[in-house]
Each structure stands twice: as C-alpha cells, then as structure tokens.
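# Commentary on secondary and tertiary structure
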Amino acid sequence: MRVTAAVLLVLCLLAVSHAWDCQKVVNIKNLMQIDAGLGQVVATDTSQVPYYLVGDTWIRLPGSLKHITVGPAGIWGVNKADSIYKYVAGNWVQAAGLLKQLDAGGEQFIVGANMADTPFCLTRSATVGYKGPGSPIPWTGLPGAVKYYSCGPFGCWAVNKNDDIFLMSLNQECQNKGWSHIDGKLFMIEVATDGSVFGVNSAGSVFTRDGITASKPEGTGWSNIPMSMRMSHVTYDLGRLWVVSKSAVTMVCTP
C-alpha cells in the first residue's frame, strides 16, 4: 500500500496528543461559534443570537449575529448579510463594508475575510476610534485568499478554501510582508491573546501549535487534543479552551 505524504502528516499529528480535562457547558445550548479574549467570552447560537458570559450566566446581547469576536480591538460582529458591527456603549453600531468573518485579537486592529475570501485589515487608530457612521473606516485589502483569519501578538494565522494554513506578520498600520505557508490542514483557526494557536480540521479534530514564541512565531509543530466528539469551533483564553461540537454541544477544557 502506498502511503502519501498527506497520510503520513495526519498520522504524525494524531501520534502527538495532549490530554485536556473537558466538561460540558450545561447553561447554554446550541452554540454555533464562540470567541474568548482578555478574560471575556462571547458566542452566537444556531439562531444567530449573540451572548456575553458574566460569571456562569450567558447574557443575551441585542441584535442578530452569525459571528462575534472579542479582544484588544473590542467586541465586533457580522450578521447573516455580512454587515459589520462594533459594540459601543451597550449597542451595536454599523461599520461600512461586508465581511463573513472577523477577528478582534490583534494589537487593537481588526482583520477579516469577505465572501470572496479576500482578507482585510483595519488600522489600530480606525478600530479604536470607531464610534459609528461618520467615523473613518479605511479597510485595507491584503494579498491572498483566506476563508478564516485570526490574529495575536506574534502574527496572524489563516486558512484558505483548501484548508491550507498560512501565517502573516501584520502591524497596527496593516503593513505586512505577505503569507508564509505552514504545514498541516485546518478548517478553522484561532489565535489567543497570549499568542497560542488552536484549530479544527475538516474531520472535527482539535489541534494546537507547539513552540510559538516572539522569535519563532511559526512554532514547531501540531499536537492533537483528543475530544469525545467531532468539533467545529475552538477558542482559547487564560487557560481555558472552549470548543463547540458539530452537534452544537459546548465544552470548556483545562490542561
């Protein structure tokens, strides 16, 4: 039997695994997407209802969103029409542009991807200063094509329509030197506020990138985090790994 390089890579990924203690989150049901950053947790459910976690209680936020994000850039989200919103003084204010997914984990700047998989970046000054219609919002188009995009202190990670993984160095002014290809295949990827990287592949398996530092932002390799079910979404912050299964079950894991 011929063993391809892709099969060998998958076998290697599965051979290296990290055990985490995971508990089902029982006070929220049917989550579709979740994001954690700076000690905060936000989520949307399958009815596109957004939530914010306070203690053990999930507080319903106003509006309807298919994707929500929290981090140094604040709380942002997009709805089913790809309209973009920022959470300001307890309400959502719309921002010009259309994105299917966005991320607030960068150093107070926003990144995201549109329906054509074109990546965009919003500078720190525009992100922090955005108050609503009338505020400048100069989106900067970036090279390449990505379907999911997330940033942290050591760089921005993304995956394309083929589940290929890429890393970009991006500063607060949206200046970059292009993408570097990273080994492996992932369906979605998230970068934590501390620079940790986690992702889910098309089979629903969860992985984390080892060896990431400021001097080696690409890390050294992938490790599998065993799960009891197939997952669709993952996020990490302050020692807690939040995962949502393909059947909309939410779990929180600790190492």
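See above for the structure.
My aim in this report is to walk through the structure given alongside it, one point at a time. Not measured: the values here are computed from a predicted model. (Residues numbered from 1 in each chain as written. Predicted model: local features only at pLDDT ≥ 70, side-chain atom pairs only at ≥ 80, totals over all residues. Heavy atoms only, no water.)

## Considering the overall build of the protein
The condition is simple: Only DSSP runs of H or I with at least four residues qualify as helices, and only runs of E with at least two residues qualify as strands; both kinds are numbered from the N terminus onward. Here the radius of gyration uses the C-alpha set of atoms, whereas the globule reference equals 2.2 Å times the residue count to the power 0.38. For every residue, the accessible area obtained with a 1.4 Å probe (protein chains only) is divided by the maximum for its type, and the residue is called buried under 20%, exposed over 50%, and partly exposed between those limits. Throughout, a contact is declared for two residues whenever any of their heavy atoms are within 4.5 Å. Residue-level accessible areas treat just the shown protein chains as cover; the underlying method is Shrake-Rupley with a 1.4 Å probe.
Across its full length, the protein holds 2 helices and 24 strands. Computed over C-alpha atoms, the radius of gyration of the protein comes to 17 Å, within 12% of the 18 Å expected from 2.2 N^0.38 for 255 residues, which places it in the range of a compact globule. The principal-axis extent of the C-alpha atoms belonging to the protein is close to 60 × 45 × 30 Å. Every one of the 255 residues in the protein was classed for burial, and the buried ones make up 52%. Pairs at least 24 residues apart make up 47% of the contacts formed inside the protein by residues separated by at least 6 positions. Looking at the protein as shown, the accessible area adds up to about 11300 Å², and 55% of this sits on carbon and sulfur atoms.

## Examining the layout of surface pockets
Formally: Put plainly, a pocket is an open set of points on a 1 Å grid over the protein atoms alone with protein on both sides within 12 Å along at least five of seven lines, a cavity is a set where a 1.4 Å probe fits but cannot get out, and a lining residue has an atom within 4 Å of a point. Grid points are joined across faces, edges and corners, and a volume is the space filled by probe spheres set on the points. As a working rule, the residues Ala, Val, Leu, Ile, Met, Phe, Trp, Tyr, Cys and Pro are called nonpolar, Asp, Glu, Lys and Arg charged, and the rest polar, with Gly in that last group.
As a volume, the largest pocket reaches approximately 410 Å³. Forming the walls of the largest pocket are 17 residues, and the residues nearest its centre are Gln 33, Lys 66, His 67, Tyr 148 and His 233. The set of elements that each furnish at least two residues to the lining of the largest pocket consists of strand S2 (31-37), strand S22 (231-237) and strand S23 (240-245). For the lining of the largest pocket, the leading source of residues is S2, giving 3 residues. Here the lining of the largest pocket is built from residues that sort into 7 nonpolar, 7 polar and 3 charged. The space that makes up the second largest pocket amounts to roughly 270 Å³. For the second largest pocket, the lining is made up of 14 residues, of which Val 41, Leu 53, Gly 55, Arg 240 and Trp 242 are closest to its centre. For the lining of the second largest pocket, the secondary-structure elements that each account for two or more residues are strand S3 (40-45) and S23. For the lining of the second largest pocket, the residue count by class is 7 nonpolar, 4 polar and 3 charged.

## Focus on the pairing of strand S18 (residues 188-191)
Selection rule: Each pair of strands is called paired provided DSSP finds at least two bridges between the two strands.
Neither face of S18 is left uncovered, since the one carrying Met 188 and Glu 190 and the one carrying Ile 189 and Val 191 both have all their residues buried. One ladder, built from 4 bridges, connects S18 with strand S19 (residues 197-200); its direction is antiparallel. Paired with Ile 189 across the two strands is Gly 199, which belongs to S19. Between S18 and the antiparallel strand that follows it, S19, lie 5 residues; Gly 195 among them carries a positive phi value of about 100°.

## A word on the side chain of Ser 83
Along the chain, the position of Ser 83 falls in strand S8 (residues 83-88). Taking relative accessible area as the criterion, Ser 83 reaches 12% and is therefore assigned buried.

## A closer look at the state of the cysteines
Our working rule: Criterion for a disulfide: a pair of cysteine sulfur atoms within 2.5 Å.
Counted according to the given criterion, the structure contains 3 disulfides. One disulfide bridge connects Cys 151 with Cys 156, the sulfur atoms lying 2.0 Å from each other. Every disulfide takes its handedness from the sign of the S-S torsion; for Cys 151 and Cys 156 that torsion is 105°, giving right-handed. Taken individually, Cys 151 and Cys 156 each receive the classification buried, so the pair is uniform in this respect. Cysteine pairing for the protein, with bonded cysteines counted in sequence order: 1-6, 2-5, 3-4.

## What to know about the sheet that holds strand S16 (residues 164-170)
Applied cut-off: Fitting a line to C-alpha atoms yields each axis, with helices limited to the stretch in contact; the angle taken between N-to-C directions then spans 0 to 180 degrees.
Spatially, S14-S15-S16-S17 is the arrangement adopted by the 4 strands of the open sheet, whose pairing is antiparallel. Both outer strands of the open sheet, strand S14 (148-152) and strand S17 (176-185), are each paired with one neighbouring strand and no more. Strand after strand, the sheet turns through a mean of 25° between neighbouring axes, direction not considered. Of the pairings in the sheet, the one linking S14 to strand S15 (residues 155-159) comprises 5 bridges and is antiparallel in character.

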